[in-house]
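A look at the structure
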Amino acid sequence: MFETSLLCAGKWQPAATGQTFDRIGPLSSSVSSRCAAASIDDVQAVLAAASDAQQEWGATGPGVRRQLLLKAADILEGYADEFVDRMYAELGATEAWARFNAKLGAGMFREAGAMTTRIAGEIIPSDMPGSLAMAVRQPAGVSLGIAPWNAPVILAARAISMPLACGNASILKGSENCPATHELVCRALVEAGLPDGVISFLTNSPEDAGEIVGTIIDHPSVARINFTGSTEVGRKIALRAAHALKPALLELGGKAPFIVLEDADLDAAVAAAAFGTFMNQGQICMSTERIIVDEKIADTFTQKLAKKVSSLRAGDPRKEKGIQLGPLANKDASQRIAKMIEDACAKGAHLITGGASNSAIMQPTLIDGVDPTMRIYKEETFGPIAGIIRVKSDEEAISVANDTEYGLTGAVFSRDVNRAMAVAEKVESGMCHINGPTVHDEAQMPFGGVKESGYGRFGGRAAIDMFTNLRWITLQQKPRQYPI
C-alpha cells in the first residue's frame, strides 16, 4: 500500500483534518493507496502558497526554468520502476504501459523546457509617429491542472509542464483513481529544485471534488484551468470557469473514427486498428471506437482484424504469461460495456471476438454490422471494444465519421495519399492521421479536439498561447501631437 501526502509551500504533509481516502485497484480487494483527503483549509493554504510564489517564478529567467524542467525530466524517467509498481497497484497497468508513461511524461517536461526561450512577442508597425509598438507575452498567473488516471504520468506531466515553462505557478489536482502515481510526478519537480509554492499537489475524497475544484477556479490568483477527462465533467468545469471569466483548456471524450478505403494496405490498417482500439484496454481518449470500412474490402479486412485481435489476451500482467492487456479501471466499466454489447446484438450486430465480462478483465472485442440505432454507434465505450461499420463510398465514410458529438482524433487508410488527404480534411476532428493509428501523441504537437471533445490545445506554441497573456505595450520615442 502506498501512502500519499499533499504538497503545499514545498512541504509534503497530511490533510489538515487528518482525513484520508483509499484507492482499491481493479485486480485486488486490498487498498492500493491511502491518500490525504484535502479540505477547503488545505486548498486555501495551497492557493496562498502558489499566489506568493507566482511573482518570483514569473520573473525567473527562461534558462533557469529550462534547467529545472530538464532535471525534473531526468528524475521522472529515473522513477520508471516506481511508476511500474504504483500503476500496477492502482490501475492494473502492464509494465510496458507504465514505462511508456514514464518515457513520454519525461518528454513532456523536456519539450516544455525547450519552449522557455520560444515565448516570444513581436514588434508591430504603428501608424503613430515615434511609437514603438510591441506585443509582449507574460505569464498568465497561477494555473490549475486536473489530470485523469488513464495515462497518469503523461497526462499529469502535460497538465503542469507548459504552465510551468511559461512562468505560472501550478497546482496539480490528482485523480482519485491513481493518487500515488500522480504524487510521484510532483515529487520529481520538488527533487529537481523548484522553489516552494511553484508546484502544489492536492488529492481529495471523490465526493469533495466539486467543492475543491470550484474553490480553486474561483480564487482571484488562479488565471488558467486545464482539464483532461470526460465531457460531462468538462462541461461543469467550463461553466464554472466561464462564470469567473477565466480561460479553460478542455481535452474531453472521443469516439474516434478509423476509415479504411478500398485501396488501403489492409495489413497496415489491421495493425493500426488493433493498436488504436486495444492499447491500454481502449482506455485512451484517442482510442479507435468506430472502424468504418468500404464494403468492397470489408469481409477481407474483418477476417484479418479478427485473427489479429484473437491473438491478444487481457489478464493480470503479473500473474499470467502472454498478457498484452490489463484490466479496466473497475468492474463497473465492463458492466457498462456489456450492456452496449447486448443492445447491439439485439439490434442485429454480430459479435466476432471477445464479449461481455463479469469482472474488470475484459477480452478484446469486435462487433460487426454496427448501425446508428445501436448505443455503441454513438456512446463512448472507453474500453477494449470497437464496432465495424460498412459503407459504400468515401462520402458515406466521411458522413459516418462526422455523425458524432465528439471530434478529437481520426484516421484514414489509403494507398492514394491525395485521396486520403481529401477525406482527412473533411473529418471533423482536432487531429487526423493518414495511414497511422488514432492513438498518437507527441509532446510538441498541438493536441486537442473540436465539438464535444473540448477546445484549446496542449503542446508547443499552441500551449504558449494558452498559458500566457499577450499584451500590447507602446513606447513613445518622440513628442506626440494631440487634437486638444
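The present account deals with the structure reproduced in this document. (Residues numbered from 1 in each chain as written. Predicted model: local features only at pLDDT ≥ 70, side-chain atom pairs only at ≥ 80, totals over all residues. Heavy atoms only, no water.)

**Things to note about unusual backbone geometry**
- One non-glycine residue, Gln 281, lies in the positive phi region at around 60°.
- Position of Gln 281 relative to the elements: it lies in the loop between helix 9 (266-278) and strand 14 (288-294).
- Positive phi is not limited to glycine here, since Lys 451 has a value of about 55°.
- By the element assignment, Lys 451 lies in the loop between strand 19 (433-434) and strand 20 (454-455).
- Judged by relative accessible area, Lys 451 falls into the partly exposed class, the value being 36%. (Helix = DSSP H or I, 4+ residues; strand = E, 2+ residues; numbered from the N terminus. Buried < 20%, exposed > 50% of the residue type's maximum accessible area, 1.4 Å probe, protein only.)

**Examining the layout of surface pockets**
- Approximately 1300 Å³ is the volume attributed to the largest pocket.
- Along the walls of the largest pocket sit 46 residues, with Trp 149, Phe 227, Gly 229, Ser 230 and Val 233 positioned nearest its centre.
- Elements with a contribution of two residues or more to the lining of the largest pocket: strand 4 (20-24), helix 7 (209-218), strand 11 (222-228), helix 8 (231-243) and helix 11 (331-346).
- In the lining of the largest pocket, the residues fall into 19 nonpolar, 13 polar and 14 charged.
- Approximately 240 Å³ is the volume found for the second largest pocket.
- Taken together, 18 residues make up the lining of the second largest pocket; nearest its centre are Trp 97, Phe 100, Met 286, Val 439 and Asp 441.
- Where the lining of the second largest pocket is concerned, the elements lending two or more residues are helix 4 (95-115) and helix 5 (152-165).
- Looking at the lining of the second largest pocket residue by residue, the classes come out as 13 nonpolar, two polar and three charged. (1 Å grid on protein atoms, 1.4 Å probe; cavity = no way out; pocket = protein on both sides within 12 Å on 5 of 7 lines; lining within 4 Å. Points joined across faces, edges and corners; volume = space filled by probe spheres on them. Nonpolar A, V, L, I, M, F, W, Y, C, P; charged D, E, K, R; others polar.)

**A look at the pairing of strand 17 (residues 385-391)**
- Most of strand 17 is tucked away: six of the seven residues are buried.
- As paired elements, strand 14 and strand 17 share five bridges and run parallel to each other. Considered in strand 17, the bridge of Asp 294 is made with Val 391.
- Bridge analysis of strand 16 (residues 365-368) against strand 17 gives four bridges, and the strand direction is parallel. Residue pairing in the sheet places Ile 367 in a bridge with Gly 387 of strand 17. (Pairing = 2+ DSSP bridges.)

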